[in-house]
Amino acid sequence: MDRPLEPRDQSLSTSGARARRAVWSRQLRLWQLVLPATLFLVVYFVVPLGMLFYFSVRAPGVSGVTLVHFRKLLTDTFFLQTLGLSVRLSLEVTAVALVLGFPLAYLYTRLGPVWRLAILFVTLLPLLTSAVVRSFAWIVILGKHGLINTVFIGTGLTDGPVKLLFTLDGVRIALAQVQLPFMLLPLINAMEQLDPSLEHAAVSLGASQARAFFKVTVPLSAPGVVAGAILSFALTISAFITPVMVGGGSFNVMPTLIYQSAIVTLDWSTASTTALILLVVALAVVWGGMTLGRRFRYGPGSA
Amino acid sequence: MTPSPTNARPDLRLVDVSRRYGPVTAVDRVSLDVAPGEFVTLLGPSGCGKTTLLKCIAGFLPPSEGQVVLRDEVMNDVLPHLRNIGIVFQHYALFPHMTVADNVAFGLRMRKRARTAIAGRVQEMLRLVRLPGFADRYPHQLSGGQQQRVALARVLAVEPVLLLLDEPFGALDKKLRVEMQLEVKQLVALLGMTTIFVTHDQEEAMRMSDRVAIMHAGRIVQCAAPEVIYDRPCDLFVADFIGSSNLLDGRIRGTSAGRLRVEVAGVPLEVPCHASVRPAGEDVVVMVRPENLALSETWPSDRPAWAGVVSLALHTGPVMEYEVVVGETWRLRVSRPRMQVESARVWAKGDRVAVTVVDLKAVRIFHGDTAGATSVRSL
Ligand SMILES: Nc1ncnc2c1ncn2[C@@H]1O[C@H](COP(=O)(O)OP(=O)(O)O)[C@@H](O)[C@H]1O
Ligand SMILES: [Mg+2]
């Protein structure tokens, strides 16, 4: 214990300096790594968003900031109806995707590797084609003499053709198909994290298979439901090609309004204002969903 | 409190139960009777089919063949939630979205008990597992041992006919494990619960069970009281699996007056003959437990002995463990209590010693045709 302290101190200080230098150079390298992504986001996201703001609060003949565009749109019944339709359509499509996706995800977790691959392949396949090609396929299927009507009339289910193409129902179906994988993947992720013995425990305590499913698996899959619903909602409310092609211009949604203002009438102020309102509404729904989702998280990290 | 499997009607009876996964036979013609109140442990290495057998009993897997009989009722076609069999899983499987009280109440709610009766029963069960006042916690707010106790309270609340425990202490550290072993054992005995316990930890099995069923490759190879399993293993697998033992190559030299003369490492032993008489010249494997060997400085006059050199001397607290090299290749494992009066002497590495067998009745002889049975197996 009576060893001289000095040499030890010296070695400490030199190694400390070396450590500081190492941290500094590591930080520098990390900073360099995120530089391209940062620049990219600034140029293609932050700047355009700033321009949206700028266009939405400027009007010809008015100096400074004005809310005239917002006032005009938010008092326009047609605009409000379209906004309502967009929100409703997105909620409906999300609900359809959930109803289709939940049992599929459950099935996925119970099946062997071959069936799993089959489910993933069939549901993810539409993502590998472009929206235009996919919508065109739906036109072929939903049309007056399309696949569905041929089957319906052929089996005597209906007398004449059912009008699906260029209707809201057709768009719902087509959009639900696209959203299915975005719903399915978070659901599978959530369900795969559940210990299979949870359901076994419920059954051994006297719950039937169905009750075990509804009492245990369903509530514990809630985080996946919320994640899938948020994705699906956000993607549906901004969908453009499918509503245009399968809807055939029989109705408007927010993205088509933006397109018309920006490209057809060249009214950039109205286009920007519409886009901002859509953004705020979508963010509000997503935020609501996330708040709801936080209630369903259990285990460490909640509370 | 030692239930005999023969007199009473068994709570559980397995009749030639098999379960195959494709070409793999996970459970192979298992028959077992478990008497009311009995604590039976399935013990075997990982992958020997213990969990599969439990799943067949619980009804999560249909057996490929055979019958599962619960209190005289064939269960094969009864849905698992109607069997009234309680299970505690290795990772407890507590419902994370429910409080402790809701977890314990789950089975009672499924049985549609009255609300007040449920509340009372939940309190009673939480007191029983020494967790009163934890009713409103969530499982993730509890320690491993506490979660384990909630899992027990949850399953015992519904008064199952049979309790199945699948490696329930696997996730606990050593000290807590031993505490929980005692606690579960006492709780189950208090309630007179018929229990099947699964583990791959032999000490745990020996400590807790009325009977231990040793499983190997899907079969029950021996099912008996712990001390019987230890003293009289029925084959080489059990001898090797339970405790530590010297498994030594030997050769039969003949029989005389109910004794089998067998030569091991050049020394003839006269072992009391049990069951089968073997022809002279046959190669056998001789099992001697380390505690059945003694060391001495002087050559014993009354019994055969091996001359050897201590090559390893380890202190383990209560017991000294030695390895003695005899001849060229033979290694004998010897363990002696340090406090034992006549051998108060502690040996060190390099000491020359004579090794003798303490009790020849406890020496077991097996057919030598099991692959890999060599003289150095004991280490
Ligand atoms: N679902 C399954 N599919 C195919 N083989 C399985 C399956 N479950 C278990 N097995 C096989 O059955 C045997 C017994 O497994 P298990 O009962 O889990 O053993 P233990 O619980 O004793 O470790 C092992 O060889 C295992 O690989
Ligand atoms: Mg197992």
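Quick look at the structure, then.

The rules behind each value
Residues numbered from 1 in each chain as written. Chains lettered and ligands numbered in written order. Predicted model: local features only at pLDDT ≥ 70, side-chain atom pairs only at ≥ 80, totals over all residues. Heavy atoms only, no water. Helix = DSSP H or I, 4+ residues; strand = E, 2+ residues; numbered from the N terminus. Buried < 20%, exposed > 50% of the residue type's maximum accessible area, 1.4 Å probe, protein only. Contact = heavy atoms within 4.5 Å. Areas by Shrake-Rupley, 256 points an atom, 1.4 Å probe, with all protein chains shown as cover. Pairing = 2+ DSSP bridges. Axes fitted to C-alpha atoms, helices over the stretch in contact; angles between N-to-C directions. Phe/Tyr/Trp six-rings, centres within 6.5 Å; stacked < 30°, edge-to-face > 60°. Parallel < 35°, antiparallel > 145°, perpendicular 65-115°, else oblique. Nonpolar A, V, L, I, M, F, W, Y, C, P; charged D, E, K, R; others polar. Buried area = accessible area lost by both parts, 1.4 Å probe. Salt bridge = Lys/Arg side-chain N within 4 Å of Asp/Glu carboxyl O. Polar contact = N/O pair within 3.5 Å; in protein donor to acceptor, adjacent residues only side chain to side chain.

Right, let's talk about the overall build of chain A for a bit. Broken down by element type, chain A carries 13 helices and 0 strands. In chain A, the succession of α and β elements from N to C terminus is α-α-α-α-α-α-α-α-α-α-α-α-α. Within chain A, the proportion of its 303 residues that are buried is 37%. In chain A, 70% of the contacts between residues at least 6 apart in sequence involve partners at least 24 apart. Total accessible area on chain A stands at roughly 18100 Å², and carbon and sulfur atoms take up 72% of it.

Here the focus is the sheet that holds strand β17 (residues 319-326) of chain B. All names here are of chain B. The antiparallel open sheet is built from 5 strands, whose spatial order is β15-β19-β16-β17-β18. Each edge of the sheet is formed by a strand with only one pairing partner; in this case those strands are β15 (293-296) and β18 (330-337). The average undirected angle you get between the axes of adjacent strands in this sheet is 45 degrees.

The next thing to look at is the environment of B:Val150. Residue and element names in this part refer to chain B. Along the polypeptide, Val150 turns up in helix α4 (residues 144-156). The sequence separation of Val150 and Arg20 amounts to 130 residues, and the corresponding C-alpha distance is 34 Å. Discounting residues that sit within four places of it in the chain, Val150 has contacts with Leu94, Val100, Asn103, Val104, Leu131 and Leu142.

Turning to the packing of aromatic side chains, a few remarks are in order. Counted under the stated rule, the structure contains 11 aromatic pairs over all chains. For the pair A:Tyr54 and A:Phe55, a centre-to-centre distance of 6.1 Å together with 65 degrees between the ring planes defines the contact as edge-to-face. Classification of A:Tyr54 as partly exposed rests on a relative accessible area of 47%. Ring centres of B:Phe39 and B:Phe197 lie 5.7 Å apart, and the angle between their planes is 40 degrees; on these two criteria the pair is classed as tilted. One end of the pair, B:Phe39, is in strand β3 (residues 39-43); the other, B:Phe197, is in strand β8 (residues 195-199), and 158 residues separate them in sequence.

This paragraph deals with the side chain of B:Thr356. Considering the arrangement of structural elements, one finds B:Thr356 in strand β19 (residues 352-357). Not counting residues within four places of it along the chain, the set of residues in contact with B:Thr356 comprises B:Asn292, B:Leu293, B:Ala294, B:Pro300, B:Arg303, B:Pro304 and B:Ala305.

Before going further, it helps to examine the packing of helix α3 (residues 77-110) of chain A against helix α4 (residues 113-124) of chain A. All names here are of chain A. The contact between α3 and α4 brings their axes to 9 Å, and the two run at 150 degrees. In terms of orientation, α3 lies roughly antiparallel with respect to α4. Two secondary-structure elements touch here, α3 through Leu104, Tyr108 and Thr109 and α4 through Arg116, Ile119, Leu120 and Thr123. Considering only residue class, the contact of α3 with α4 consists of 4 nonpolar, 2 polar and 1 charged.

With that settled, consider the sheet that holds strand β20 (residues 364-367) of chain B. All names here are of chain B. Pairing within the open sheet is antiparallel, and its 5 strands lie in the order β13-β12-β11-β14-β20. Each edge of the open sheet is held by one strand with a lone partner, namely β13 (267-272) and β20. Averaged over neighbouring strand pairs, the angle between their axes works out to 45 degrees when direction is ignored. Across 6 bridges, strand β11 (residues 246-256) lies against strand β12 (residues 259-264) in antiparallel orientation.

We now examine the side chain of A:Ser204. Among the structural elements, A:Ser204 can be located in helix α8 (residues 196-204). Sequence-distant contacts of A:Ser204, that is, excluding residues within four places in its chain, are made with B:Phe60, B:Ile85 and B:Ile87.

Time to look at the interface of chain A and chain B. With 21 residues of chain A at the contact, the number on the chain B side is 22 residues. Around 1900 Å² of area is buried between chain A and chain B when both sides are counted, 73% of it from carbon and sulfur atoms. For the chain A face of the interface with chain B, the top three residues by lost area are A:His200, A:Ser204 and A:Leu205, together amounting to 31%. At the boundary of chain A and chain B, one finds 0 salt bridges. Here chain A and chain B share 2 residue pairs in polar contact (both at pLDDT 80 or more) between them. Those elements that provide at least two residues to the side of chain A that touches chain B are α8 and α9 (209-220) of chain A.

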